[in-house]
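Observations on the three-dimensional arrangement
Below are the chains, spelled out letter by letter.
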Amino acid sequence: MADNVTSLFRSTAAHSPSMAALAREGGDGAGPVDFCIPCNPYFPTPEMFEDMAGKLRDIITYYPSSADTITAELCSLLQLPPQCVAMGNGSTELITWIDHLMVRESLAIPVPTFGRWTDQPMETGKRVDMFPLQESSGFALDLAQYAEFIRARGTRVAVICNPNNPDGGFLHKHAIVQFMDAMADLDLVVVDESFLEFADAEQEPSVVQEAMLRPNVIVLRSLGKNFGLHGIRFGYLVANPALARMVRSMLPKWNLNSFAEHVVFMLKDHGAEYAQSLQQVRKDRLEMAGALSALPGLTVYPSQGNFLFVRLPVGAEGTVVRDRLLTEHRILVRECGNKIGSSSRFLRLVVRPQTDVRRLVSGLEQVLYGTRRGAAVPELGNGTSYSSGTAAVDRLVGSTNGAGFTAVPQPQPVPQQVPQQVPQQVPQPVAAPMPAPVPVAPVSAPAPAPAPMPAPAPVPAAAAMAPTPAPAPQPTPTPMPFPSPVAPAATMVPPGPTPPGVPARGGLTAAQVRGTTGPVPGLAPAPATGWPAAQSWPNAAGMG
């Protein structure tokens, strides 16, 4: 039974298996305690669920109203002009149409982030310029450096997620507005506010009003996450009338189902309960962070979403932690090894009531430290073989000093140096391969110390295109781990969209992005946003 459940993760490349699939494989039809799917656990209220259950036959029997009718009701609730809004069957449908209609060549996105922002453009052959958030800075996004990154690559579409998923990093409204104005010449700027309703670091953090006044800005909002109803699949975007009409014209007349219609028309009578649910989530977030921070070796990053991003203790393999929590404690967590820019040492844990948090903490204690059941979690090299490719990438990056691939020219000089040096160095390559892969470790053990350290990120980008002395000018721009090699890229790659599967011109491959998590010279950590202030709650979806 346990093997059936954990095997579900092997077939999900970028996301976790659905709760329905887990419940079916669990045997008793009951799902685990869910710390994976970022829902609002306090909304809808039990009374609202009873109302929907009583009308279930009509809801699933008859056609819904048109999307225009449902959108008009939502806009009346949020006090937004309907001509500036487009509703979709989940925010993913809107991301898909944004990509098809408005992303012509390239898109920039900080990573780690929501997988559809990286995967969707790549699936349609666009170039995705991934800006790696630094672990040394707590995954905080520096908008000035992000802007420089966009200019260096000539990216045409920029995306910001606020708060970001999976780390919950928050950006203040004035900073985002300045960024939008600085990027006014781009084809599009997207601000994904899917989790902004849970933030309380600022009274009115949304840039929806500013987006409607600008020619190239779209704000994306989620309803399923805020309302705890992922299964209904509804979200909306806000933009100037021309952009909103462009997306709306491509959507089917009945792209919203009857459940979505029923919930939207219920909301006007439950604004107070919704606002109270957001308040409770913010309170739970603070208490949950404190409980997790008490675990030895576990790092909890400040978050303004309804989830917490945590780093496991040294030696812990995220896939093993995930599988043991699920099979031994019936707790589902989000292991982030399949998120570009993250690794399987990180988990995203959804904020839940304190009774569930106590169960999670107890399970983590037993799995991580072996207090009652089993031994401590094995190290990364001994983990499972289905960590979505990230554990293998981590091992590869470690053996190549962040280069992201095994260097071919290095095995030739190594045998020449061994007989020339004192025999004392002979035992060192013999001892190194013991925990590492057999063919890679003997080559990488003597080589990484002298050679690859100075320029980890630029080497693979140049080596992947040509073994010529192109890397020479690249070490000049030292402030960032991703210098802008414009000249080599222009000579090697023709203008126009980059073909599918080819790394971005001057950008980073997925392996390189995962490898650039160490300290970067000249990178100033952004100031911490701080923990929530209980008195500063924004109006709940316009329902004050």
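One structure accompanies this document, and this report is about it. (Residues numbered from 1 in each chain as written. Predicted model: local features only at pLDDT ≥ 70, side-chain atom pairs only at ≥ 80, totals over all residues. Heavy atoms only, no water.)

**Digging into unusual backbone geometry**
For the peptide bond that leads from Phe43 to Pro44, omega is 0 degrees, which places it in the cis range. The residue Pro44 is located in the loop between strand S1 (33-35) and helix H3 (46-54) in this model. Between Asn165 and the following residue, Pro166, the backbone shows a cis peptide bond with an omega angle of 25 degrees. Inspection of the secondary structure puts Pro166 in the loop between strand S5 (157-161) and helix H9 (173-182). (Helix = DSSP H or I, 4+ residues; strand = E, 2+ residues; numbered from the N terminus.)

**Considerations on the packing of aromatic side chains**
Summed over all chains, the structure comprises 15 aromatic pairs. Where Phe139 meets Phe309, the ring centres are 5.3 Å apart and the plane angle is 80 degrees; that geometry is what we call edge-to-face. In this pair, Phe139 sits in the loop between strand S4 (127-132) and helix H8 (143-153) while Phe309 sits in strand S10 (residues 307-311), placing the two residues 170 residues apart along the sequence. The class for Phe139 is buried, based on a relative accessible area of 2%. Considering the side-chain rings of Tyr301 and Phe346, the 6.4 Å spacing of their centres and the 35 degrees angle between planes classify their relative orientation as tilted. Highlighted residues: Tyr301 in strand S9 (residues 299-301) and Phe346 in strand S12 (residues 346-350), separated in sequence by 45 residues. (Phe/Tyr/Trp six-rings, centres within 6.5 Å; stacked < 30°, edge-to-face > 60°. Buried < 20%, exposed > 50% of the residue type's maximum accessible area, 1.4 Å probe, protein only.)

**What to know about empty space enclosed by the protein**
Under the counting rule described, the total for this entry stands at five cavities of 30 Å³ or more. Lining the second largest cavity are Ser91, Phe114, Cys161, Pro163, Asn165, Asp192, Ser194, Phe195 and Lys225. Residues belonging to the lining of the second largest cavity are distributed by class as follows: four nonpolar, three polar and two charged. (1 Å grid on protein atoms, 1.4 Å probe; cavity = no way out; pocket = protein on both sides within 12 Å on 5 of 7 lines; lining within 4 Å. Points joined across faces, edges and corners; volume = space filled by probe spheres on them. Nonpolar A, V, L, I, M, F, W, Y, C, P; charged D, E, K, R; others polar.)

**Details of the packing of H3 against helix H13 (residues 258-266)**
Relative to each other, H3 and H13 sit at 135 degrees, their axes nearing to 12 Å. By the angle between their directions, the pair H3 and H13 is classed as oblique. Every pair of crossing elements has a handedness; the one defined by H3 and H13 is right-handed. Contacts between H3 and H13 involve Met48, Asp51 and Met52 on the former and, on the latter, His262, Val263 and Met266. Tallied by class, the residues present in the contact of H3 with H13 amount to four nonpolar, one polar and one charged. (Axes fitted to C-alpha atoms, helices over the stretch in contact; angles between N-to-C directions. Parallel < 35°, antiparallel > 145°, perpendicular 65-115°, else oblique. Left-handed = near helix turned anticlockwise from the far one by under 90°. Contact = heavy atoms within 4.5 Å.)

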